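Structure at a glance
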2 protein chains.
Amino acid sequence: MKPYLKEHEWSIIEEGFNPENHEISESVFSLGNGHMGQRANFEETYTGSSLQGSYMAGVYYPDKTRVGWWKNGYPENFAKVLNSINWIGLQIVIDGEDLDLNKAVVSDFVRELNMKEGNLTRSFEAELREGKRIRVQATRFVSIVDKEIGAIKYDITPLNFDGTLQVTSYLDGDVRNQDANYDEKFWDPIDSSLSKDRASLSVKTKKLNFQFCSTIETQIFKADKQLDVEGIGIEEIKYAGLTYKAPLVKNEKTTIYKYAANVTNRDHDENQLEIISGKELDKAVAKGFKQLKKEQASAWKEKWLNSDIVIEGDVAAQQGIRFNIYQLNQTYSGEDARLNIGPKGFTGEKYGGSTYWDTEAYCLPFYLATAEERISRNLLIYRYNHLEKAKENARKLGFEKGALYPMVTMNGEESHNEWEITFEEIHRNGAIAYGIYNYVNYTGDKAYLGEYGVEVLVEISRFWEERVNYVPQKDVYMMLGVTGPNEYENNVHNNWYTNRIASWTLEYTLYVLDYLKDSDNKLYQQWIDKLKLNEKEMKKWLDIIDKMYYPEDKKLGVILQQDNFLDKEILPVADLDSKHLPLNQNWSWDRILRSCFIKQADVLQGLYFLNHEFDIETKKRNFDFYEPMTVHESSLSPCVHAILACELGYKDKAYDMYLRTARLDLDNYNNDTEDGCHTTSMAGTWMSVVQGFGGMKITNDQFVLNPFIPSQWTSFSFKVLFRGARLMIRVDQEEVTVTNESALSLDVVIHGEKILLKGNKAITVTH
Amino acid sequence: MKPYLKEHEWSIIEEGFNPENHEISESVFSLGNGHMGQRANFEETYTGSSLQGSYMAGVYYPDKTRVGWWKNGYPENFAKVLNSINWIGLQIVIDGEDLDLNKAVVSDFVRELNMKEGNLTRSFEAELREGKRIRVQATRFVSIVDKEIGAIKYDITPLNFDGTLQVTSYLDGDVRNQDANYDEKFWDPIDSSLSKDRASLSVKTKKLNFQFCSTIETQIFKADKQLDVEGIGIEEIKYAGLTYKAPLVKNEKTTIYKYAANVTNRDHDENQLEIISGKELDKAVAKGFKQLKKEQASAWKEKWLNSDIVIEGDVAAQQGIRFNIYQLNQTYSGEDARLNIGPKGFTGEKYGGSTYWDTEAYCLPFYLATAEERISRNLLIYRYNHLEKAKENARKLGFEKGALYPMVTMNGEESHNEWEITFEEIHRNGAIAYGIYNYVNYTGDKAYLGEYGVEVLVEISRFWEERVNYVPQKDVYMMLGVTGPNEYENNVHNNWYTNRIASWTLEYTLYVLDYLKDSDNKLYQQWIDKLKLNEKEMKKWLDIIDKMYYPEDKKLGVILQQDNFLDKEILPVADLDSKHLPLNQNWSWDRILRSCFIKQADVLQGLYFLNHEFDIETKKRNFDFYEPMTVHESSLSPCVHAILACELGYKDKAYDMYLRTARLDLDNYNNDTEDGCHTTSMAGTWMSVVQGFGGMKITNDQFVLNPFIPSQWTSFSFKVLFRGARLMIRVDQEEVTVTNESALSLDVVIHGEKILLKGNKAITVTH
């Protein structure tokens, strides 16, 4: 796939219509506001290849699991994000001919995602039958101010004829998920209603009773004057629409406005959905398109104020990083602790749109640094709310105590159904504990520990306690049969990362308990009682910490990814003929498993998370050993390597790693963007810049920077929120400047030097 | 499930009708003749639970694979045995009421599988509406003389009324497989035809164009006189039948004869199928039911002459072992090298009815000892014929040379789709090599090696050569990422059994090459040329043999099942609370994997196969170590343990192991007989008696016996064919007698003593 998008600092632009790229563009140009989102499907009829997708956050479907061979413990269902009512639909019929870019001759096609202001525009000329030519200009957005509102402005100008326009503005709930396991449709009808200019459609899911009501109002304007045309209603099962007719006059623009209010029983009384969506719609219509669009632009301006990264001297890089930040902000707004970040956001269905460890491991740092504390706190509370389900999950797998969070989930229940992942990739439990540490370390919000954190930590620790086994003849604790972060190994023994993160969890849990004991003994006692924690249990944890087995090779001076790793044929990826790459498309699974090649950071993930525990030489030896064997066939891989490479001074490697995900979707690097964007990996790219090139860390409650700048760039700057302050960090080839955009004074450590940075001041340090 | 079958030496008998047991009985009372077979479905309508199944050997369907998560190298299709035209159907309508044992009041129900003569009878009284009572007696068989012929005699006697009988004798091709992955039907119609007393139906499979034609003739008799009733035809899509009417007179028997000729395009020109089935039917009808049944009985007498086992003093054991021998003889007759032995024979659909390593590891010995040499030779040729596909399979998994036979197959292509089995359970390749060794060792047919064997051996050896990897720092060859016979471990390194059978294959292949070189240098050179074998390759094999790594624990003096086995928590099954058993129903997969518990013989499988390589102390230490950890959750497990226990003098353990499979299906021991019988494990039970209690081996071309008799039995005797001789071995508590039922003299070694046994003589040795 050749990159086809135009480079631009603030917009994603596609010029010329190429149907082959359409599904990729549908992903890339997606819109979202945390509450709902949609792929960039066309409003009008399109009979070419397209993946239709319109999603409501938190509305999911437990689809019956499909497996070849059932194993005990598999979940009955795989919860998946649900394609919902298509509320953008506008069937445009001109002189009896359905406008369809798959059939018309299209020219001057331009599509633009305006990231600065948060809207999508599209313009083109289409030649219809008999040479009739029209010009269309469409703009739409989903509002980040009024979360339930979406709006469309659709202009049509006939260029060489007079004729008749027939517009059917509709709601279509008879949609399907492309990834349905048994090709079922997931929605049942509830009701529909029509009035002169409004249509309303209510549907509910076949399981779990999610109810969704969309109400639309359509207006037709000519030269800023609304036409008084009465819609003719069409009601079918799971479909409601209104058809309008208007004359078309050569070179005269006709504008269709479509407003939609999309509400669900997640947020409202289910008996009131139609009424509420009507009221929301009233408000939106009263504001009007222009005003809504203006509010949208100014709300996005606010977002950028806290989260923008500016790269000078490299437009492609600038566009790439802004696209990532934009998509992250479209996906998760953090106001609803029931929501989380699906691997594709609102851009596609793949991977079920559920929550993975990606959230804690890769996404949390972005939200920590670019949004208010409560946003990332909500990400943590999401897991707290799933604790009971995580305990049930552990019981289901035969554990007598503790909690095992699921690998993939929507509602706290496991959705994944490969034993090597579901049952074995338990290191995710460690990432959830680490997320708590990371949050408290960044925000200083220790109150979280006593309020929620300690309970999650204790239950995860209990799981680890039961999951390890003591090997008497070696006097160590081991962890058998796991899959580490490197999913190109299954059922290994003593994956170092898993052993370490497990033991670390025990350490941190004991530390948190000590902290509570010292700081609020009453609260501590309450937890001890509630959790029935006893001395024996905590002693056992100390014993495990003391005797945990960590595979290593003393001769090479490296940590071993797992037992017997060196029995493999060890060779670098560079020695493979490129015809073998990517391995996951060219090798059978057993060949991948037997090989030394690594999908994503595993030992190095541990060195990244627990960075402070290791000296630079250890990191270097392990990086030098493992990175050359790493194929980075997860989009979550390069970022961790980029950050470590920065720390080790491997500048070229760092930049190289950064490039692998910086424009992953814009350049369709993995040839799979048509399925949706790699939303969680976008957060990883953000980390590459801020934690990698910026060298940002929080150490002992201090804001630390060790920046360097790739030689390809003139400068880069990023914004972060830190404990009430907003800092803007600008790095160029000579120096680094930190500007305090708040009134708060704070110490910052730049290139190892601690400096007091006063409110609304800047300091500059030369490299 | 309570055992409900009556003990009897020669028959399986069910008295009283219990619908709950019906599907189990449908499996147990199955009929087959190697060419076709069927579950014991009722002829008349039955609306209760039933698994309808009628199968033609070698007619299969490549059903589209169903998986949760696709992996490279998975097969597109899973070939499965195909439920085919139901040719037994007789709809019995009495005074307008459909006879249906699910609705009638049933009494005096008796079902009997007569194993001595090879037929199934059923008799019952049924009370219909208004108190009308009838008596029914039905007999049917599939002929082992005329392989395409099945015949039914169905007697109806009204006991308390006069009335009208309406019989529809039909062929129903609109059948489905219960195990269809996507609930599709697999047959398309071709044609049907009807005459006065015959109906014919032809169908073909939706893929692969298997064509099947069944033609039936129906006759109605009263008091040995055929009625001249004309059938009224019914033709529907994939259905053809004829309806007859006859008066019913109180206490007067009406007999329906139904003959079916079932032919396929596997054996005949597909344009001639209807004609051929008509001709076959002519012959059968000419013989008549009585004669066909008589010939059937006498042919079964012949079978028993070669294969019977007599156990005195234990009717249940007698019945159990005969049932096993009977089912094996029904399943595979060995005349067609395109056929093999499905895990359920013709008794059900589960496991797809395909070929597993069961054939070489567990079934071959039975056919070697109880059937002519060509029968087991055909089992070997089956694999020879699949060699090209096995080479393709290896290529598909990325190997540059050699052959990897599939785990499950119908036509040589892999059908299995779990990576841990499909790609990793490669020890099957060793069993196929071992089958050649076993065959030649038993029969002395060394010509097979030069004709077919060497090519298979060389290609398997080449696979092993590529599959091992050299570990320079240890100067050994290892085999990473395999699943051994114990499928409760996946992706282990250096499974001892796999390493050993691989290395053994190389040894045996080199031995066979040497043998050919010495015995027929011209032929040897032809093979060297054809196979492009060179010195370097053979040297590499020697190096692998020399440096193969075998895990062991010197302190315990045991072989290790795999690397790191002792890092597990080691405990005997006896220490588990019984609520955990069977593990495969109570534990999640990862818990099973992490545990030490063993599904079936693994290290001990090696000690069984390569018995002569190990001294008795080694066998004892390993048996004592592994057997207590073995849960025997494969029906193929107990036999190997029984045989080794016999060798080690563990008499109680041996008998205990024997009992676990002796009546596996008759007593529905595993609660799954309704899916079909455990056909391949039946051969294992035979091995327990002959190789275990009988202690039969062929060592250095000599027939060796080391018998002992369980204290529960008075005597047992078995027959074997050995190199042209038929021997009857009788063992009682005092002595063993070997009777030579042939004219050939041969040496036999009994309890270590070599004795010349002359033709038609017997010798007796006291224990």
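This text gives an overview of the structure that appears in the document.

Broken down by element type, chain A carries 19 helices and 33 strands. Here the C-alpha radius of gyration of chain A, 27 Å, is about what a compact globule of 767 residues would show, namely 27 Å. When the 767 residues of chain A are sorted by exposure, 66% land in the buried category. Residue pairs in contact within chain A that sit at least 24 positions apart in sequence constitute 68% of those at least 6 positions apart. Summed over all atoms, the accessible surface of chain A reaches about 26,900 Å², with 46% contributed by carbon and sulfur. Positive and negative charge centroids in chain A, built from 89 and 115 side chains respectively, lie 2 Å apart.

Structural alignment of chain B on chain A gives an RMSD of 0.1 Å, achieved by rotating through 180° and translating 0.1 Å along the axis. When the rotation and shift are considered jointly, the pair of chain copies conforms to a two-fold rotation axis. Proximity to the rotation axis, assessed at the C-alpha, singles out Val67(B) in chain B; its C-alpha lies 2.4 Å from the axis. Most of the interface of chain B is mirrored in chain A, where 100% of its interface residues again form contacts.

Residue and element names in this part refer to chain B. With 13 residues, helix α12 (residues 535–547) should cover 18 Å at 1.5 Å per step; its first-to-last C-alpha distance of 18 Å lies within 8% of that length. Where the residues of α12 are buried, they touch α9 (447–467), β23 (476–478), α10 (496–519) and α11 (521–531). Capping the start of α12, Asn-534 holds a side-chain oxygen 3.1 Å from the backbone nitrogen of Lys-536, two or three residues further along.

Take the environment of Val704(A) next. Mapped onto the secondary structure, Val704(A) falls in strand β27 (residues 702–705). Residues Val704(A) and Phe614(A), spaced 90 residues apart in sequence, show a C-alpha to C-alpha distance of 18 Å.

We now examine the interface of chain B and chain A. At the junction of the two partners, chain B supplies 46 residues and chain A supplies 46 residues. Both faces considered, chain B and chain A share a buried interface measuring about 4,000 Å² in area, 49% of it formed by carbon and sulfur atoms. Three residues stand out in chain B for area buried against chain A, namely Trp69(B), Asp567(B) and Arg594(B), and they jointly supply 19% of the buried area on that side. In this assembly, chain B and chain A are joined by eight salt bridges. The residue Arg467(A) makes a salt bridge to Asp590(B) at a minimum N-O spacing of 3.8 Å.

In this section: the pairing of strand β14 (residues 187–194) of chain B. Residues and elements named next belong to chain B. Pairing of β14 with strand β15 (residues 198–205) involves seven bridges; the strand directions are antiparallel. Looking at the pairing, Trp-187 lines up with Thr-205 of β15. If you look at the hairpin formed by β14 and β15, you'll find three residues sitting between the two strands.

Summed over all chains, the structure comprises 115 aromatic pairs over all chains. Here Tyr448(A) and Tyr452(A) contribute two aromatic rings whose centre-to-centre distance is 5.3 Å and whose plane-to-plane angle is 35°, an arrangement assigned as tilted. Within this pair, Tyr448(A) and its partner Tyr452(A) are both found in helix α9 (residues 447–467), separated by four residues, close to a single helical turn. One aromatic cluster is present, formed by Tyr434(A), Tyr437(A), Tyr497(A), Trp504(A), Tyr508(A), Tyr511(A), Tyr608(A) and Phe609(A) through successive ring pairs. Over the ring of Trp10(B) we find Arg322(B), and its NZ or CZ is 3.5 Å from the ring centre.

What follows deals with the nonpolar core. Within the largest apolar cluster, 470 residues are counted, with the highest numbers of intra-cluster contacts made by Tyr154(A) and Tyr154(B). Counting residues in each nonpolar core, the second largest holds twelve residues, with Ile149(B), Ala151(B), Tyr257(B) and Tyr259(B) among its members.

On to the sheet that holds strand β26 (residues 697–699) of chain B. Backbone-to-backbone hydrogen bonds join strands into a sheet, with any given pair of strands oriented parallel or antiparallel. Residues and elements named next belong to chain B. The sheet built from four strands is open, its strands ordered β26-β27-β31-β32 with mixed pairing. The open sheet has two edge strands with one neighbour each: β26 and β32 (753–757). Each strand axis lies, on average, 35° off the axis of its neighbour in the sheet, ignoring direction. As paired strands, strand β31 (residues 746–750) and β32 are joined by five bridges and run antiparallel to one another. When the bridges of β32 are listed, Val-748 appears paired with Ile-755.

Moving on to the pairing of strand β10 (residues 119–127) of chain B. Residue and element names in this part refer to chain B. The buried fraction of β10 is high, at eight of nine residues. Of the strand pairs in this sheet, strand β9 (residues 105–114) and β10 are connected by eight bridges, and their pairing is antiparallel. For Asn-114, the partnering residue across the bridge sits in β10 and is Asn-119. Between the antiparallel neighbours β9 and β10 lie four residues, among them Gly-118 with a positive phi of about 75°.

In this section: unusual backbone geometry. Cis rather than trans, the peptide bond between Leu581(A) and Pro582(A) has omega equal to -10°. Along the polypeptide, Pro582(A) turns up in the loop between β25 (558–559) and α13 (583–586). Here Asn209(B), not a glycine, exhibits a phi torsion of approximately 55°, which is positive. Owing to a relative accessible area of 31%, Asn209(B) belongs among the partly exposed residues under this scheme. Even without glycine at this site, Asn494(B) takes up a positive phi of about 55°. Mapping Asn494(B) onto the fold places it in the loop between β23 and α10. What makes Asn494(B) buried here is its relative accessible area of 0%.

Moving on, we come to the packing of helix α16 (residues 616–626) of chain B against helix α17 (residues 637–648) of chain B. All names here are of chain B. Interhelical geometry of α16 versus α17 gives an angle of 130° and a closest axis separation of 10 Å. As judged from the angle between their axes, α16 and α17 are oblique. The two elements α16 and α17 cross, and the hand of that crossing is left-handed. The segment α16 lies against α17, with Ile-616, Lys-619, Lys-620 and Phe-623 engaging His-641, Leu-644, Ala-645, Glu-647 and Leu-648.

Among the secondary structure elements, Asn491(B) is positioned in the loop between β23 and α10. Separated by 2.6 Å, the side chain of Asn491(B) and the backbone oxygen of Asn490(A) make a polar contact. With residues up to four places along the chain from it excluded, the contact list for Asn491(B) reads Asn490(A), Asn491(A), Leu593(A), Trp419(B), Glu424(B), Gly481(B), Val482(B) and Thr483(B).

Residue and element names in this part refer to chain B. For Tyr-170, the position within the fold is in strand β13 (residues 163–172). Once the C-alpha coordinates of Tyr-170 and Val-408 are considered, the two residues, 238 residues apart in sequence, prove to be 35 Å apart. Beyond its immediate stretch of four places on either side in the chain, Tyr-170 contacts Glu-43, Asn-86, Trp-87, Gly-89, Leu-90, Gln-91, Ile-216, Tyr-239, Ala-240, Gly-241 and Lys-258.

This part is about the packing of helix α3 (residues 315–331) of chain B against helix α19 (residues 679–693) of chain B. Residue and element names in this part refer to chain B. Put simply, α3 and α19 touch, their axes get as near as 9 Å, and they point 130° apart. Classified by the angle between their axes, α3 and α19 sit oblique to one another. Where α3 crosses over α19, the two elements pack in a sense that is left-handed. Residues Ile-321, Phe-323, Asn-324, Ile-325, Gln-327, Leu-328 and Thr-331 of α3 pack against Thr-679, Met-682, Ala-683, Thr-685, Trp-686 and Val-689 of α19. A breakdown of the residues in the contact of α3 with α19 according to their chemical character gives eight nonpolar, five polar and no charged.

Next up on the list: the sheet that holds strand β5 (residues 54–64) of chain A. Residues and elements named next belong to chain A. Across the sheet, which stays open at both edges, the four strands sit in the order β3-β4-β5-β6 with antiparallel pairing between neighbours. The open sheet has two free edges, formed respectively by β3 (31–32) and β6 (77–83), since each of these has just one partner strand. Summarising the sheet, β5 and β6 pair through six bridges and their orientation is antiparallel. Residue pairing for β6: Pro-62 is matched across the bridge by Ala-79.

Conventions we followed
- Residues numbered from 1 in each chain as written.
- Chains lettered and ligands numbered in written order.
- Predicted model: local features only at pLDDT ≥ 70, side-chain atom pairs only at ≥ 80, totals over all residues.
- Heavy atoms only, no water.
- Helix = DSSP H or I, 4+ residues; strand = E, 2+ residues; numbered from the N terminus.
- Rg over C-alpha atoms; globule rule 2.2 N^0.38 Å.
- Buried < 20%, exposed > 50% of the residue type's maximum accessible area, 1.4 Å probe, protein only.
- Contact = heavy atoms within 4.5 Å.
- Areas by Shrake-Rupley, 256 points an atom, 1.4 Å probe, with all protein chains shown as cover.
- Lys, Arg positive; Asp, Glu negative; His and termini not counted.
- Charge placed at Lys NZ, Arg CZ, Asp CG, Glu CD.
- Least-squares fit on C-alpha atoms with pLDDT ≥ 70 in both.
- Expected span 1.5 Å × (residues − 1).
- Polar contact = N/O pair within 3.5 Å; in protein donor to acceptor, adjacent residues only side chain to side chain.
- Buried area = accessible area lost by both parts, 1.4 Å probe.
- Salt bridge = Lys/Arg side-chain N within 4 Å of Asp/Glu carboxyl O.
- Pairing = 2+ DSSP bridges.
- Phe/Tyr/Trp six-rings, centres within 6.5 Å; stacked < 30°, edge-to-face > 60°.
- Lys NZ or Arg CZ within 6 Å of the ring centre and 35° of its normal.
- Core = buried A, V, L, I, M, F, W, Y, C linked by side-chain atoms within 4.5 Å.
- Axes fitted to C-alpha atoms, helices over the stretch in contact; angles between N-to-C directions.
- Parallel < 35°, antiparallel > 145°, perpendicular 65-115°, else oblique.
- Left-handed = near helix turned anticlockwise from the far one by under 90°.
- Nonpolar A, V, L, I, M, F, W, Y, C, P; charged D, E, K, R; others polar.

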